[in-house]
Amino acid sequence: MQSKRADIRIINSETLSDNWYNLKKYTFDLQRSDGDWQRQEREVYDRGNGATILLYNRDSKTVILTRQFRFPVFINGHEEDLIEAAAGLLDNLDPESRIKAEAEEETGYKVTRVEKIFEAYMSPGSVTEKLYFYLAEYHPQDRTSAGGGVKAEGEDIDVLEMTLDDALRGIENGQIVDGKTIMLLYHVALKGIL
């Protein structure tokens, strides 16, 4: 992998693991702002890009969230299942197509019109993943199934409908601690969408 930037020279990459996704150790030279070159090493986790969506209903001022067990946060001391916006990896689909399918798989709601609001790197110090953030309005008649995710992928998801006010209180009291979900909820609140 060659860099297009003249101030970065990738010297070596070594695959440390390719079991679940890809973990590599990179050695590179970085030209500092004072002109000196400095050799650095970083481990980079590449799991692909993803998309996330917040479903909302203007009439009832509610949002649809999910709740599921997440092992990485569990081993970091968070004992409760994580409350999140529906999300998933792109798996070689465009972000809009993937998030429509993911919303239906996880929440049971079929959305046809989604609005992309922004893109963000969630942990740029060690993870390559970029997330595409979406909003979509839902209505009771849009529910096609109970949701719950895909069992073969290890998903066992509860679908939650709550008011935006309750969700915002969930952030304040530590019930909602997922970064992408907090960003989506605050976006909706800040923009006055609900």
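Definitions and cut-offs
- Residues numbered from 1 in each chain as written.
- Predicted model: local features only at pLDDT ≥ 70, side-chain atom pairs only at ≥ 80, totals over all residues.
- Heavy atoms only, no water.
- Helix = DSSP H or I, 4+ residues; strand = E, 2+ residues; numbered from the N terminus.
- Buried < 20%, exposed > 50% of the residue type's maximum accessible area, 1.4 Å probe, protein only.
- Contact = heavy atoms within 4.5 Å.
- Areas by Shrake-Rupley, 256 points an atom, 1.4 Å probe, with all protein chains shown as cover.
- Lys, Arg positive; Asp, Glu negative; His and termini not counted.
- Charge placed at Lys NZ, Arg CZ, Asp CG, Glu CD.
- Phe/Tyr/Trp six-rings, centres within 6.5 Å; stacked < 30°, edge-to-face > 60°.
- Lys NZ or Arg CZ within 6 Å of the ring centre and 35° of its normal.
- UniProt positions renumbered as here; feature names shortened; annotations may be inferred.
- Pairing = 2+ DSSP bridges.
- 1 Å grid on protein atoms, 1.4 Å probe; cavity = no way out; pocket = protein on both sides within 12 Å on 5 of 7 lines; lining within 4 Å.
- Polar contact = N/O pair within 3.5 Å; in protein donor to acceptor, adjacent residues only side chain to side chain.

1. Notes on the overall build of the chain
Step number 1: A tally of regular secondary structure across the chain gives four helices and 10 strands.
Step number 2: Along the chain, helices and strands appear, N-terminal first, in the series β-β-β-β-β-α-β-β-α-β-β-β-α-α.
Step number 3: For the chain, the spread of C-alpha atoms along the three principal axes comes to 60 × 35 × 35 Å.
Step number 4: A burial count over the chain gives 37% of its 194 residues as buried.
Step number 5: For the chain, the proportion of contacts with a sequence separation of at least 24, taken over those separated by at least 6, is 57%.
Step number 6: Within the structure as shown, the chain displays about 11,600 Å² of accessible surface, and the carbon and sulfur contribution to it stands at 45%.
Step number 7: Mean positive and mean negative side-chain charge positions of the chain (24 and 35 charges, respectively) differ by 5 Å.

2. As for the packing of aromatic side chains
Step number 1: Scanning the model with the defined rule gives seven aromatic pairs in all.
Step number 2: Between the aromatic rings of Phe-69 and Phe-74, the centroid separation amounts to 5.6 Å while the plane-to-plane angle is 55 degrees, which identifies the pairing as tilted.
Step number 3: Judged by relative accessible area, which is 33%, Phe-74 ranks as partly exposed.
Step number 4: Note on Phe-71 and Phe-74: the rings are 6.3 Å apart at their centroids and 35 degrees apart in plane angle, and the pair reads as tilted. With Phe-71 and Phe-74 both in helix H1 (residues 71-75), this residue pair falls three residues apart, about one helical turn.
Step number 5: Phe-71 gets classed as partly exposed once you look at its relative accessible area, which sits at 48%.
Step number 6: An aromatic cluster is defined as three or more aromatic residues linked by ring pairs; in this entry it consists of Trp-20, Tyr-21 and Tyr-45.
Step number 7: Above the plane of the ring of Trp-37 lies Arg-9, whose end atom (NZ or CZ) is 3.6 Å from the centre.

3. Examining the environment of Glu-115
Step number 1: Tracing the sequence through the fold places Glu-115 in strand S8 (residues 115-121).
Step number 2: Glu-115 sits 18 residues away from Phe-133 along the chain, and the two C-alpha atoms are 8.5 Å apart.

4. Quick look at the UniProt feature "domain: Nudix hydrolase" (unreviewed entry) in the chain
Step number 1: Listed under "domain: Nudix hydrolase" (unreviewed entry) in the UniProt record, and renumbered for this structure, are residues 46-184.
Step number 2: For the annotated span residues 46-184, helix accounts for 24% and strand for 32% of the residues, and the straight-line distance between the end C-alpha atoms is 24 Å.

5. Focus on the pairing of strand S9 (residues 130-137)
Step number 1: With seven of its eight residues buried, S9 lies for the most part within the structure.
Step number 2: By the bridge criterion, seven bridges tie strand S4 (residues 50-57) to S9 in an arrangement that is parallel. The partner of Ile-53 across the bridge, within S9, is Tyr-134.
Step number 3: Bridge analysis of S8 against S9 gives six bridges, and the strand direction is antiparallel. Of the residues in S9, the one forming a bridge with Glu-119 is Tyr-132.

6. Remarks on the UniProt feature "binding site: Mg(2+)" (unreviewed entry) in the chain
Step number 1: Under the present numbering, the feature "binding site: Mg(2+)" (unreviewed entry) in UniProt falls on Ala-87, Glu-102, Glu-106 and Glu-155. Spatially, the listed residues are clustered: although they cover 69 residues, their C-alpha atoms lie within 11.9 Å of one another. In this structure, the largest pocket is lined, among the annotated residues mentioned, by Ala-87, Glu-102, Glu-106 and Glu-155.
Step number 2: As for its placement among the helices and strands, Ala-87 is situated in strand S7 (residues 86-89).
Step number 3: Here Ala-87 is in contact with Ala-51, Thr-52, Ile-99, Glu-102, Glu-106 and Lys-180, once residues within four sequence places are set aside.
Step number 4: Its location among the elements puts Glu-155 in the loop between S9 and strand S10 (158-163).
Step number 5: Given a relative accessible area of 16%, Glu-155 falls into the buried group.
Step number 6: Filtering out sequence-adjacent residues up to four positions away, Glu-155 remains in contact with Glu-102, Glu-106, Gly-148, Gly-149 and Val-150.
Step number 7: A polar contact of 2.7 Å, which involves the side chain of Glu-155, links it to the backbone nitrogen of Val-150.

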